[in-house]
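Observations on chain architecture
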Amino acid sequence: MEFLNAFVAFSNFVIVPAIAYGSQLALGALGVTLIYGILRFSNFAHGDTMAFGAMVTILVTWWFQSMGINLGPMPTALLALPFGIAGAALLVLATDRMVYRFYRAQKAAPVILVIVSMGVMFVMNGLVRFIIGPDGQQFADGERFIISARNFKTMTGLSEGLAFRTSQAITIVTAVIVVALLFWFLNKTRTGKSMRAFSDNEDLALLSGINPERVVAYTWIIVAALATIAGVLYGLDKGFKPFTYFQLLLPIFASAIVGGLGNPLGAIAGGFVIAFSEVTVTYAYKKVLIYLLPESLEPSTLVQLLSTDYKFAVSFAILIIVLLFKPTGLFKGNTA
Amino acid sequence: MSNPFLIGENMTGGYGRGADILHDCTISVAKGEIAVIVGPNGAGKSTAMKAVFGMLNLHKGSVRLDGEDITKLAPQARVAKGMGFVPQTQNIFTSMTVEENLEMGAFIRTDDFSNTLSQVYDLFPILKEKRYQAAGELSGGQRQQVAVGRALMTKPKLLMLDEPTAGVSPIVMDELFDRIIEVARSGISILMVEQNARQALEIADKGYVLVQGRNRFTDSGKALLADPEVRKSFLGG
Ligand SMILES: Nc1ncnc2c1ncn2[C@@H]1O[C@H](COP(=O)(O)OP(=O)(O)O)[C@@H](O)[C@H]1O
Ligand SMILES: [Mg+2]
């Protein structure tokens, strides 16, 4: 019983949140890794692309809510998601047309494109704050819990509760569907294969008659979809605030790099590595240990390795460790 | 000779704004024949191939395919016109399977290419065996077969090969030459750069010896093999 209680507490505060957070990071890192693999630069504007897509989704969600349109127990945001994706896709396609295409034609070095993407980041950053403001926004509706802690306790008779929030379930289910769709697209469709070919060997792709501008446009649209979905899921789970999306850049890049930049499978693995590390390192184990240890050994402190204020240090530390020992990432990434 | 299928005539040019690499260089190949370019390292053989394929800015000379001036066409447009090119290096998609490499070769085709796919598999049976393997995992000779197979997928009328036997064993080399002859017999013109000058000239209808970006000797493969000067300087006696 004690052990079960410890396990439930651990699941409630570590496993379930980390899986949800890992799914969000994985979706974000997939976008970063696709841009790196195909356009060959690290896109610093990715966090703000997520914020923009989420913002459009929120605006449409509010509009739906005002008209009384909803999804019952599910958040209305799911209904608004396609509009957010379309908005983000238009934004990145316009950005590509106005900014990145110029540098592509110059065959600019990746470093230059990284700096350019920082400029784009600041513009998107301002755009989002200008439209929706810098404050946090609530847009989640529908049923909050699938299983609430109280229900869990009465169901099982345990003294610890395991809450499973709707947003967590939606995050996990959506991530699985999106990843499956993405891999199907990349591996089975002609367009998806041409994207992989372009990423693998640009010159040979050109010799094979693959149109680079088409590959680039498809990439941006897919990246906009991934970014918006990741942004909305994160917003549903933890609330929307423009600044947090900028902060998410670090764990997202850490995920993509740890997994091996340019490698989609690696991005997913990296997302979960980072999420689990962050959550396990910043969790206060006191509660779990009280169940497991004899009374005499009960901890008097929180038994927290790192305060949550420093959670970004975890991504950073893992990033450094991986780069030191396996510079191409856990999975073989693009080094070019 | 009076009416070559492909001719790059008096080509002069280099990379970007750099110095000229090619000087008044002329390369041609007749319908269904094999033309071979040989010459020392750095002579500009690869550069001549790229020039013919439109990957170089020529400021003099022209390229004509079947009588049509294609000097201004982009490489992709030349693929659509029936030219296939196997570059010297990085000529396969290493992270993709053998079959995906071949599919990418057929990318510009909108018709059903399953027939061409089985023809390539008939020509290179080992590729069929390894079709679901990543091309990067194959041996050197097998990679070259993937590279040639990829270029054949568009059903080109002209196939350009830049050192197709680089880095393969002598046995595999003979095997590859046999396949190339087979391709030529099917009516496809072949323009090939080769390090193994003697063997290549043996199968060549036409041979070019390039030195420092210029035509040094041009004749039938047999005549070049018999020419004492060519033998002495370029074939090791
Ligand atoms: N991409 C390039 N940019 C600039 N110079 C090049 C490039 N490729 C080859 N060269 C130069 O062109 C000359 C001819 O090279 P190449 O055509 O590759 O010779 P070959 O194929 O006969 O060995 C060499 O001097 C080489 O340094
Ligand atoms: Mg060469």
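Residues numbered from 1 in each chain as written. Chains lettered and ligands numbered in written order. Predicted model: local features only at pLDDT ≥ 70, side-chain atom pairs only at ≥ 80, totals over all residues. Heavy atoms only, no water.

Within an unreviewed UniProt entry, the label attached to chain B reads ABC transporter ATP-binding protein, and the organism entered is Pseudohalocynthiibacter aestuariivivens. Of chain B, the UniProt comment under Sequence similarities (unreviewed entry) reads exactly: "Belongs to the ABC transporter superfamily." (UniProt positions renumbered as here; feature names shortened; annotations may be inferred.)

You'll find chain A entered in an unreviewed UniProt entry as Branched-chain amino acid ABC transporter permease, with Pseudohalocynthiibacter aestuariivivens given as the organism. According to the UniProt record, the Subcellular location (unreviewed entry) comment for chain A is "Cell membrane".

A closer look at a nonpolar patch on the surface
Residues Phe3(A), Phe7(A), Leu292(A), Leu293(A) and Leu297(A) make up a contiguous nonpolar surface patch of about 510 Å² in total accessible area. Its location among the elements puts Leu293(A) in the loop between helix 13 (286-292) and helix 14 (311-325). (Patch = residues over 30% accessible without salt bridge, like charges linked within 9 Å, V, L, I, M, F, W, Y side chains within 5 Å. Areas by Shrake-Rupley, 256 points an atom, 1.4 Å probe, with all protein chains shown as cover. Salt bridge = Lys/Arg side-chain N within 4 Å of Asp/Glu carboxyl O. Helix = DSSP H or I, 4+ residues; strand = E, 2+ residues; numbered from the N terminus.)

What to know about the nonpolar core
Core analysis: the largest hydrophobic core is formed by 129 residues, its most contacted members being Leu27(A), Phe240(A), Leu6(B), Met11(B), Met83(B), Met160(B) and Leu191(B). Ignoring sequence-local partners within four residues, the contact set of Met160(B) consists of Met49(B), Val52(B), Phe53(B), Met83(B), Gly84(B), Phe85(B), Val86(B) and Leu191(B). Counting 46 residues, the second largest nonpolar core, distinct from the first, contains Ala147(B), Leu161(B), Ile180(B) and Ile181(B). (Core = buried A, V, L, I, M, F, W, Y, C linked by side-chain atoms within 4.5 Å. Buried < 20%, exposed > 50% of the residue type's maximum accessible area, 1.4 Å probe, protein only. Contact = heavy atoms within 4.5 Å.)

Comments concerning the packing of helix 2 (residues 46-66) of chain A against helix 4 (residues 110-132) of chain A
Describing two packed helices takes the angle between their axes plus the distance from one axis to the other. All names here are of chain A. At a minimum axis separation of 9 Å, helix 2 and helix 4 run at an interaxial angle of 20°. By the angle class used here, helix 2 and helix 4 are roughly parallel. Considering only the axes of helix 2 and helix 4, their crossing is left-handed. Between helix 2, through Asp48, Thr49, Ala51, Phe52, Met55, Ile58, Leu59 and Trp62, and helix 4, the contact on the second element is made entirely by Met121, Met124, Asn125, Leu127, Val128, Ile131 and Ile132. Residues that form the contact of helix 2 with helix 4 fall into these classes: 12 nonpolar, 2 polar and 1 charged. (Axes fitted to C-alpha atoms, helices over the stretch in contact; angles between N-to-C directions. Parallel < 35°, antiparallel > 145°, perpendicular 65-115°, else oblique. Left-handed = near helix turned anticlockwise from the far one by under 90°. Nonpolar A, V, L, I, M, F, W, Y, C, P; charged D, E, K, R; others polar.)

Things to note about the coordination of the magnesium ion (ligand 2)
All names here are of chain B. With distances of 2.0 to 2.2 Å, the protein atoms coordinating the magnesium ion (ligand 2) are Ser46 (OG) and Gln88 (OE1). On the criterion of sequence distance, the pair formed by Ser46 in helix 1 (residues 45-53) and Gln88 in the loop between strand 6 (83-86) and helix 3 (98-105) is long-range, its members being 42 residues apart. Taking the relative accessible area as the measure of exposure, Gln88 reaches 31% and is therefore partly exposed. (Donors = N, O, S within 2.8 Å, 3.2 Å for Na, K, Ca; no water.)

Thoughts on the packing of helix 6 (residues 166-188) of chain A against helix 9 (residues 212-238) of chain A
All names here are of chain A. In contact at an axis separation of 9 Å, helix 6 and helix 9 are set at 170° when each is read in the N-to-C sense. As summarised for this structure, helix 6 and helix 9 are arranged roughly antiparallel, according to the angle between their axes. Note that helix 6 runs across helix 9; the crossing there is left-handed. Mapping the contact onto sequence places Ser167, Gln168, Ile170, Thr171, Thr174, Val178, Leu182 and Phe185 in helix 6 and Tyr218, Ile222, Leu226, Ile229, Leu233, Leu236 and Asp237 in helix 9.

Examining the interface of chain A and chain B
At the interface, 16 residues of chain A touch 21 residues of chain B. Taken over both partners, the interface formed by chain A and chain B buries close to 1,700 Å², and the fraction arising from carbon and sulfur atoms is 57%. For the interface between chain A and chain B, the tally reads 2 salt bridges. Note that Arg196(A) and Glu100(B) form a salt bridge whose closest N and O atoms lie 2.7 Å from each other. Summed over the shared surface of chain A and chain B, the result is 8 residue pairs in polar contact (both at pLDDT 80 or more). Counting only elements with at least two residues in the side of chain A that touches chain B, the list comes to helix 7 (190-200) and helix 8 (202-207) of chain A. Looking at which element gives the most residues to the side of chain A that touches chain B, the answer is helix 7 of chain A, with 6 residues. Among the residues forming the side of chain A that touches chain B, the class breakdown is 7 nonpolar, 5 polar and 4 charged. (Buried area = accessible area lost by both parts, 1.4 Å probe. Polar contact = N/O pair within 3.5 Å; in protein donor to acceptor, adjacent residues only side chain to side chain.)

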